[in-house]
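Residue-level structural notes
So the chains spell out like this:
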Amino acid sequence: MSATVRQAIKALKIRVSDVQDKMEDASASLALRDARDNDADNAVMSLSLELLSVVNSNRADKRYKNIFLKKPSEITTQPITDELSDLELLAERLKADTADTVYQKHQPLIKNARTALQNAQETIDSANTAEQNSAALETIAQNELRTLLTKTYGKLIDILNKKEGEKYFNIQAGKPKSPV
């Protein structure tokens with residue numbers, strides 16, 4: 001009986017360790033995604049600044065308005081999924097005019113920044129899913145150990161008497177709840 005309990009405890013320790021590893025993976029993925037988000041934001045702001053310098057800071061200029069339907073700061077401060085959509089639109093708008101040298105220069109930069117950000121977002125999504133799955137397996141292992149310990153306790157009480165059986169279990173007395 002003790003071997004079964006030891007195996008259940010070992011399984012639970014493995015699951016707890018796995019959850020901790022998955023949490024570290026998710027944290028690393030989040031850091032990578034944030035770095036890629038900063039790169040994408042920098043690409044948008046760089047494009048905006050270069051276009052503004054070319055059009056003498058006139059946001060109403062056709063070259064600027066053809067690219068930016070929103071303010072660059074609105075693109076960079078929104079949720080990642082919306083930002084990815086706007087980066088795709090920005091890359092398409094830059095591709096539309098192949099004669100413009102500023103557009104030619106920044107189109108691959110915006111496209112690459114979007115791809116890197118999308119890949120980083122997918123990595124964090126899969127890391128979060130793995131962490132959740134691992135946590136679910138930990139919960140299952142906890143429940144299995146709890147059930148096994150309950151059965152073991154019951155078997156000891158059946159074999160021995162209650163007083164003798166409880167010697168093998170460190171049962172903590174319930175703490176009295178403090179009044180609120």
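Attention here is on the structure that accompanies the text. Each chain has its residues counted from 1, running along the sequence as written. Local features in this predicted model are restricted to residues of pLDDT 70 or higher, and side-chain atom pairs are both shown and tallied only at a pLDDT of 80 or more, whereas totals for entire chains, interfaces and linings draw on every residue. Here the side-chain values reflect all heavy atoms present in the structure, with hydrogen atoms and water set aside.

Runs of E in the DSSP output that reach at least two residues are strands. Runs of H or I that reach at least four are helices, and both are numbered from the N terminus. The helix and strand inventory of the chain stands at six helices and zero strands. Reading the helices (α) and strands (β) of the chain from amino to carboxyl end gives α-α-α-α-α-α. By the compact-globule yardstick of 16 Å for 180 residues, the chain is too spread out, its C-alpha radius of gyration being 29 Å. Along the first, second and third principal axes, the C-alpha set of the chain runs to 90 × 40 × 15 Å. Going through the 180 residues of the chain one by one, you find that 29% of them count as buried. Any two residues whose heavy atoms approach within 4.5 Å are treated as being in contact. Considering only contacts within the chain whose residues lie at least 6 apart along the sequence, 65% involve residues at least 24 apart. Only the protein chains shown count as cover for residues, and the accessible areas themselves come from Shrake-Rupley with a 1.4 Å probe. As displayed, the chain offers around 12,000 Å² of accessible surface, 53% of which is attributable to carbon and sulfur atoms. Averaging the coordinates of the 26 positive side-chain charges in the chain and doing the same for the 26 negative ones gives two points 7 Å apart. This radius of gyration counts C-alpha atoms alone. The globule rule is 2.2 Å times how many residues there are, raised to the power 0.38. Only protein chains enter the calculation, and the probe is 1.4 Å; a residue is then buried if its accessible area is under 20% of its type maximum, exposed if over 50%, and partly exposed in between. Positive charges come from Lys and Arg alone, negative charges from Asp and Glu alone, with His and the N- and C-terminal ends not counted. In this description, the location of a charge corresponds to atom NZ of lysine, CZ of arginine, CG of aspartate or CD of glutamate.

Here the largest pocket is characterised by a volume of approximately 200 Å³. Cavities and pockets were defined on a 1 Å grid built from protein atoms only: a cavity is a group of points that admits a 1.4 Å probe but offers it no way out, a pocket is an open group of points flanked by protein on both sides within 12 Å along at least five of seven lines, and a lining residue is one with an atom within 4 Å of any such point. Lining the largest pocket are 13 residues, with Arg-59, Tyr-64, Lys-70, Lys-71 and Pro-72 positioned closest to its centre. Among the secondary structure elements, those contributing two or more residues to the lining of the largest pocket are α1 (2-54), α2 (62-67) and α3 (72-76). Considering each element in turn, the lining of the largest pocket owes the most residues, four residues, to α1. In this classification, the charged set is Asp, Glu, Lys and Arg, the nonpolar set is Ala, Val, Leu, Ile, Met, Phe, Trp, Tyr, Cys and Pro, and all remaining amino acids, among them Gly, are polar. Along the lines of polarity and charge, the residues of the lining of the largest pocket split into seven nonpolar, two polar and four charged. Grid points are joined across faces, edges and corners, and a volume is the space filled by probe spheres set on the points.

Judged by nonpolar contacts, the single largest core of 22 residues is most densely connected at Val-44, Leu-47, Leu-51, Ile-67, Phe-68, Leu-90 and Ile-110. For this core, the elements supplying multiple residues, two or more each, are α1, α2, α4 (80-96) and α5 (101-159). Once residues lying within four places of it in the same chain are set aside, the contact partners of Phe-68 are Val-44, Leu-47, Ser-48, Leu-51, Ile-75 and Leu-90. Among buried residues, the Ala, Val, Leu, Ile, Met, Phe, Trp, Tyr and Cys ones that are joined through side-chain atoms within 4.5 Å form a nonpolar core. Judged by nonpolar contacts, the second largest core, of six residues, contains Val-5, Ala-8, Leu-12 and Leu-148.

Backbone geometry at Asn-56 places phi at a positive 55°, although glycine is not the residue there. One can find Asn-56 in the loop between α1 and α2. Residues other than glycine seldom take positive phi values, yet Ser-57 does so here, at roughly 60°. Within the element layout of this structure, Ser-57 appears in the loop between α1 and α2.

Turning our eyes to something else, we now look at the pattern of salt bridges. Each salt bridge in this description consists of a side-chain nitrogen of Lys or Arg and a carboxyl oxygen of Asp or Glu lying within 4 Å of one another. Within the structure shown, the criterion is met by eight salt bridges. Close ionic contact of Arg-36 with Asp-39 constitutes a salt bridge, the shortest N to O distance being 3.2 Å. Of this pair, Arg-36 and Asp-39 both sit in helix α1, three residues apart, which is roughly one turn of the helix. Judged by its relative accessible area of 38%, Asp-39 is partly exposed. The closest approach of N and O atoms between Lys-95 and Glu-92, which form a salt bridge, is 3.5 Å. Residue Lys-95 and its partner Glu-92 are both found in helix α4; the two are separated by three residues, about one turn of the helix.

Take Glu-138: it is sitting in helix α5. For Glu-138, which is buried and forms no salt bridge, the nearest opposite charge comes from Arg-15, at a distance of 9.0 Å. If sequence neighbours within four positions are ignored, Glu-138 has contacts with Leu-12, Arg-15, Val-16 and Val-19.

So, to be careful, I would describe these as geometric facts and stop short of saying anything about function.
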